[in-house]
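What the coordinates show
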2 protein chains.
Amino acid sequence: MKSANIKTIMVLAQLLIIPLFARVYAQTDPLPSWNEGGAKKAIVEFVKATTDKSSAKFVAPEARIAVFDQDGTTWVEQPMYTQVVYCLERVPAVVKAKPELANVEPFKTVLSGDREAMAKFKMPDLMMILAATLSGMTVDEFNGEVKKWLATAKHPRFKQLYTELTYQPMQEAMKLFRANGYKTYFVTGGGQDFVRMYSEQVYGIPPEQVVGSAGATHFGYDKSGKPILTKVAKLLLNDDSAGKPEGIHMMIGRRPVAAFGNSIGDKQMLEYTQAGDGARLMMLVHHDDDKREYAYGAKSKVGTFPDALMAEAKKKGWSVISMKNDWKRIFAFDK
Amino acid sequence: MKSANIKTIMVLAQLLIIPLFARVYAQTDPLPSWNEGGAKKAIVEFVKATTDKSSAKFVAPEARIAVFDQDGTTWVEQPMYTQVVYCLERVPAVVKAKPELANVEPFKTVLSGDREAMAKFKMPDLMMILAATLSGMTVDEFNGEVKKWLATAKHPRFKQLYTELTYQPMQEAMKLFRANGYKTYFVTGGGQDFVRMYSEQVYGIPPEQVVGSAGATHFGYDKSGKPILTKVAKLLLNDDSAGKPEGIHMMIGRRPVAAFGNSIGDKQMLEYTQAGDGARLMMLVHHDDDKREYAYGAKSKVGTFPDALMAEAKKKGWSVISMKNDWKRIFAFDK
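Presented here is an overview of the structure given in this document. Computed from a predicted model, the values in this text were never measured in an experiment. Going along each chain's sequence as written, the residues are numbered from 1 onward. Chain A is the first chain written and ligand 1 is the first ligand written, with later ones labelled in order. With pLDDT at 70 or above as the cut-off, local features in this predicted model cover only qualifying residues; side-chain atom pairs require 80 or more to be listed or tallied, and sums for whole chains, interfaces and linings still use all residues. Here the side-chain values reflect all heavy atoms present in the structure, with hydrogen atoms and water set aside.

This part is about the overall build of chain A. When its secondary structure is counted, chain A shows 14 helices and seven strands. Here's how the labels work: a residue is buried when its accessible area is under 20% of the maximum for its type, exposed when over 50%, partly exposed in between, all with a 1.4 Å probe on protein chains only. Going through the 335 residues of chain A one by one, you find that 52% of them count as buried. Within chain A, counting contacts between residues at least 6 apart in sequence, those at least 24 apart form 65% of the total. A total accessible area of about 16,100 Å² is found for chain A, and carbon and sulfur atoms account for 57% of it. Counted as positive: Lys and Arg. Counted as negative: Asp and Glu. His and the chain ends are not counted at all. For charged residues, the charge sits on one atom: NZ in Lys, CZ in Arg, CG in Asp, CD in Glu. One way to put it: in chain A the 45 positive side-chain charges average out to a point 5 Å from where the 37 negative ones average out. Strands here mean DSSP runs of E at least two residues long; helices mean DSSP runs of H or I at least four residues long; both are numbered from the N terminus. In what follows, a contact means two residues having at least one pair of non-hydrogen atoms within 4.5 Å. The accessible surface values rely on the Shrake-Rupley method and a 1.4 Å probe; as for residues, cover is taken only from the protein chains in view.

As a further point, take the interface of chain A and chain B. Between chain A and chain B, the contact holds 45 residues from the first and 44 residues from the second. Taken over both partners, the interface formed by chain A and chain B buries close to 3,800 Å², and the fraction arising from carbon and sulfur atoms is 60%. What gets called buried area is simply the loss in accessible area from a 1.4 Å probe that two parts show on being joined, summed for both. When the area that chain A buries against chain B is broken down by residue, the three leading residues are Glu208(A), His249(A) and Met250(A), summing to 18%. Criterion for a salt bridge: a side-chain nitrogen of Lys or Arg within 4 Å of a carboxyl oxygen of Asp or Glu. Where chain A touches chain B, the interface holds eight salt bridges. For the salt bridge of Glu200(A) with Arg254(B), the shortest nitrogen-to-oxygen distance reads 3.2 Å. Distance and chemistry together define a polar contact, namely a pair of N or O atoms within 3.5 Å, with one atom able to donate a hydrogen and the other to accept it when in protein, and with adjacent residues in sequence counting only for side-chain atoms on both sides. Our enumeration of links across chain A and chain B arrives at 22 residue pairs in polar contact (both at pLDDT 80 or more). Counting residues per element, the ones that place at least two in the side of chain A that touches chain B are helix 1 (2–26), helix 7 (139–150), strand 2 (183–191), helix 9 (192–196), strand 3 (210–221), strand 4 (227–237), helix 11 (243–251) and helix 12 (267–274) of chain A. At six residues, helix 1 of chain A tops the list of elements feeding residues into the side of chain A that touches chain B. Looking at the side of chain A that touches chain B residue by residue, the class counts come to 24 nonpolar, eight polar and 13 charged. Nonpolar residues are Ala, Val, Leu, Ile, Met, Phe, Trp, Tyr, Cys and Pro. Charged residues are Asp, Glu, Lys and Arg, and all others, Gly as well, are polar.

What follows is about the relation of the copies chain A and chain B. We place the copies in one frame by least squares, fitting the C-alpha atoms of every residue whose pLDDT is at least 70 in both. Rotating chain A by 180 degrees and translating it 0.0 Å along the rotation axis places it on chain B, where the RMSD comes to 0.0 Å. The relationship between the two copies is best expressed as a two-fold rotation axis. Both copies contact each other with a shared surface, as 98% of the interface residues of chain A are interface residues in chain B too.

Turning our eyes to something else, we now look at the nonpolar core. Judged by nonpolar contacts, the single largest core of 66 residues is most densely connected at Trp34(B), Ile43(B), Phe177(B), Phe260(B), Leu281(B) and Trp327(B). Looking at this core element by element, the count peaks at eight residues for helix 3 (residues 82–97) of chain B. Discounting chain neighbours no more than four positions away, the residues touching Trp327(B) are Ser33(B), Trp34(B), Asn35(B), Tyr167(B), Pro169(B), Met170(B), Val285(B), Arg292(B), Ile321(B) and Ser322(B). As used here, the term nonpolar core means buried Ala, Val, Leu, Ile, Met, Phe, Trp, Tyr and Cys residues forming a set that is joined through side-chain atoms within 4.5 Å. Ranked by size, the runner-up nonpolar core spans 65 residues in total, among them Phe68(A), Met174(A), Tyr198(A) and Ala258(A).

With that out of the way, let us pick up the sheet that holds strand 7 (residues 319–322) of chain A. Residue and element names in this part refer to chain A. One bridge is not enough; two strands pair if DSSP finds at least two bridges between them. The seven strands are arranged 4-3-2-1-5-6-7 in an open sheet whose pairing can be described as mixed. The two strands at the open ends of the sheet, each matched to only one other strand, are strand 4 and strand 7. Neighbour-to-neighbour, the strand axes of the sheet open up by a mean angle of 30 degrees, direction not taken into account. With four bridges joining them, strand 6 (residues 281–286) and strand 7 adopt parallel strand pairing. Paired with Leu284 across the two strands is Val320, which belongs to strand 7. The angle between two axes is taken between their N-to-C directions and runs from 0 to 180 degrees, where each axis is a line fitted to C-alpha atoms and a helix contributes only its stretch in contact.

Along an α-helix, residues three or four apart share an orientation, since each turn contains 3.6 residues. Over its 12 residues, helix 7 of chain A runs 16 Å from end to end, which matches the ideal 16 Å to within 8%, given 1.5 Å per residue. Contacts from the buried residues of helix 7 of chain A go to helix 3 (82–97), helix 6 (123–134), helix 9, strand 3 and strand 4 of chain A together with helix 11 (243–251) of chain B. Working rule for helices: expected span equals 1.5 Å times residues minus one.

Moving on: the environment of Val146(A). Residues and elements named next belong to chain A. Position of Val146 among the secondary structure elements: in helix 7. Under the relative-accessibility criterion, Val146 is labelled buried at 0%. Spatially, the C-alpha atoms of Val146 and Phe58 are 41 Å apart, while their sequence positions differ by 88 residues.

All names here are of chain B. Most of strand 6 (residues 281–286) sits out of view: six of its six residues are buried. Burial along strand 6 is two-sided: Leu281, Met283 and Val285 and Met282, Leu284 and His286, pointing in opposite directions, are all buried. By the bridge criterion, four bridges tie strand 5 (residues 258–261) to strand 6 in an arrangement that is parallel. When the sheet's bridge partners are listed, Ala258 is paired in strand 6 with Leu281. Each parallel crossover has a hand, and the one from strand 5 via helix 12 (residues 267–274) to strand 6 is right-handed. Seen with its strands pointing away from the viewer, a crossover is right-handed if its path from the first strand over the helix to the second goes clockwise.

A separate point is helix 11 of chain B. Residues and elements named next belong to chain B. Counting buried positions along helix 11 gives nine out of nine residues, so the element sits mostly inside the fold. Among the residues making up helix 11, those that are buried are Gly243, Lys244, Pro245, Glu246, Gly247, Ile248, His249, Met250 and Met251. Two residues or fewer after helix 11 comes Gly253, characterised by a positive phi angle close to 80 degrees.

With that settled, the discussion passes to unusual backbone geometry. Apart from glycine, the bulk of residues carry a negative phi angle, and the bulk of peptide bonds sit in the trans form. In this chain, Gln78(A) is followed by Pro79(A) through a cis amide linkage whose omega measures -5 degrees. Of note, Pro79(A) is situated in the loop between strand 1 (65–68) and helix 3. Cis geometry is adopted by the peptide bond preceding Pro106(B), which originates at Glu105(B) and carries an omega value of 5 degrees. Topologically, Pro106(B) is positioned in the loop between helix 3 and helix 4 (107–112).

In this section: the sheet that holds strand 6 of chain B. Spatially, seven strands are ordered 4-3-2-1-5-6-7 (chain B) in an open sheet, and the strand pairing comes out mixed. Two strands close off the open sheet at either side, each with one partner strand: strand 4 (227–237) and strand 7 (319–322) of chain B. The mean inter-strand angle of the sheet, taken between neighbouring strand axes irrespective of direction, is 30 degrees. The strands touched by helix 12 of chain A are strand 3 (210–221) and strand 4 of chain B; relative to strand 3 of chain B, the strand with the most contacts, the crossing angle is about 100 degrees.

Spatial relationships are all this shows, so hold off on functional conclusions.
Okay, here's the thing in structure tokens:
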């Protein structure tokens with residue numbers, strides 16, 4: 001009998017081991033890649049207060065929505081947005097299928113490989129390249145092409161896959177939010193279909209939680225009668241600036257309680273987040289670390305962070321994250 | 001020592017009581033409002049097979065997406081879509097704010113209360129009424145108006161709040177899917193913003209899982225500088241027929257594995273669902289019960305179910321749910 005008791009206790013104790021370990025683990029630092037300071041403290045205290053039932057800042061579980069810009073906020077956006085690199089590198093395949101484009105600008109310049117000339121492309125040039133490389137194929141074909149490209153394409157400076165160039169501190173922040181019942185969403189100017197190809201694997205954000213610039217699709221049937229969705233060159237959502245709160249309303253239908261961005265294109269998303277009742281957290285990543293990543297701001301074409309945005313952040317109580325000072329480590333592959 | 005052992009066992013046993021009760025509960029019939037038969041069996045077996053790791057039909061947790069049409073599939077859509085009733089009943093308030101509309105058609109007819117004349121409205125008339133009552137206000141104002149209306153408006157035949165007119169068997173089916181790790185979505189021709197006002201409370205479907213016809217919003221600032229979203233009369237997504245798979249791709253980004261509809265407008269959604277690999281479930285609710293609800297089909301303006309759809313269902317192996325034969329109970333308030 002005694003032996004049976006001991007056995008029962010052992011079995012029951014085993015059932016308790018996993019939850020106990022989980023509790024101990026939760027008590028370790030959830031943000032180890034952050035230096036101690038205001039930015040880290042703001043995140044930890046916000047998550048704690050909004051999930052503590054006895055706090056005046058408590059947020060009901062279903063309302064826990066945290067939104068993150070992607071380019072420049074959770075991964076590298078210099079010297080060029082990853083998706084733009086993808087589009088440029090797709091041009092040869094597009095021209096192969098449509099040889100008449102070979103002598104037409106801007107395709108001719110892309111094929112020449114003249115990076116200086118490409119850097120001078122104006123918006124209409126880029127729009128032509130985006131339309132040619134992001135539409136005209138089925139959704140399944142596009143998904144396959146993106147996955148294939150992501151598996152081998154490397155960043156010119158870091159010599160790493162683009163999907164390795166995520167910011168470890170932001171990965172930790174997203175995990176901390178999720179561990180506390182938050183749904184984390186991307187709200188990105190990047191293409192929704194493009195980002196969905198890696199968001200789950202790379203960031204733990206499932207496709208249905210990616211809000212991005214979105215082109216229309218057209219439902220139809222292939223020759224065998226199989227239903228297909230074809231990507232068409234018609235922009236349904238330009239998910240940048242005012243388009244971000246508009247996209248959040250359309251795709252999520254709730255106002256976020258926390259929002260992270262890094263540039264002027266995130267301003268309206270942060271304003272919209274802040275305009276709700278109760279506890280709110282608005283943060284901007286500032287690229288001020290040219291040794292470990294890049295330093296850019298007011299004058300950059302990509303990820304512009306004008307002085308007026310810094311002034312607005314100060315005035316409205318938004319936290320500015322200094323990559324140089326607030327981040328102990330930037331990439332997972334950093335020592 | 002022995003007493004301490006017993007105490008330990010008691011404490012540990014208590015920790016196990018809740019999971020044990022949960023297991024016993026799960027063994028009771030999850031679909032008590034369904035009669036035994038093919039439709040009930042199809043749902044129960046599909047859920048069981050797709051969540052059983054040893055089954056060839058197993059579906060990974062992240063891919064468990066089940067989509068439901070709303071009007072006519074999960075609640076009453078006769079004699080008129082609930083949202084259309086809302087729009088008609090909003091007309092007096094709109095005319096009060098813009099008195100010049102009082103003598104303009106179709107508003108004049110709506111104000112007259114002549115239901116027979118209203119039944120003859122053509123699409124352009126309805127579009128004018130929808131535009132006038134669903135745009136021009138802020139999102140917050142609209143949400144407030146809808147909530148207020150839903151709290152008192154009653155169905156002419158059942159004399160119940162519209163939100164009481166959900167089909168109990170479908171509520172049970174949605175719960176069964178969710179209890180097995182499925183995310184349940186509405187994919188409705190109805191207005192996304194309208195349905196989001198009650199979907200969570202009435203169906204357990206949160207706003208971010210409502211895909212519906214969606215008008216654009218415009219981000220701006222009110223006189224005090226507060227950020228606001230204003231609803232504008234521009235359709236971004238007509239979530240009916242081919243618009244359903246297009247909307248699913250835009251808003252969810254994954255192909256569903258189960259789809260429920262009730263009319264010709266759901267055909268493409270079911271085809272798109274079926275075209276994926278692995279286990280699939282496609283079902284159509286057929287309104288054949290004029291005693292307890294309504295009997296309509298090929299000739300109805302609302303919820304048309306043509307003979308060709310019945311033929312396609314048979315050919316493609318879609319299950320047709322007979323309200324008369326498959327449902328033991330229709331509403332929660334039925335005895």
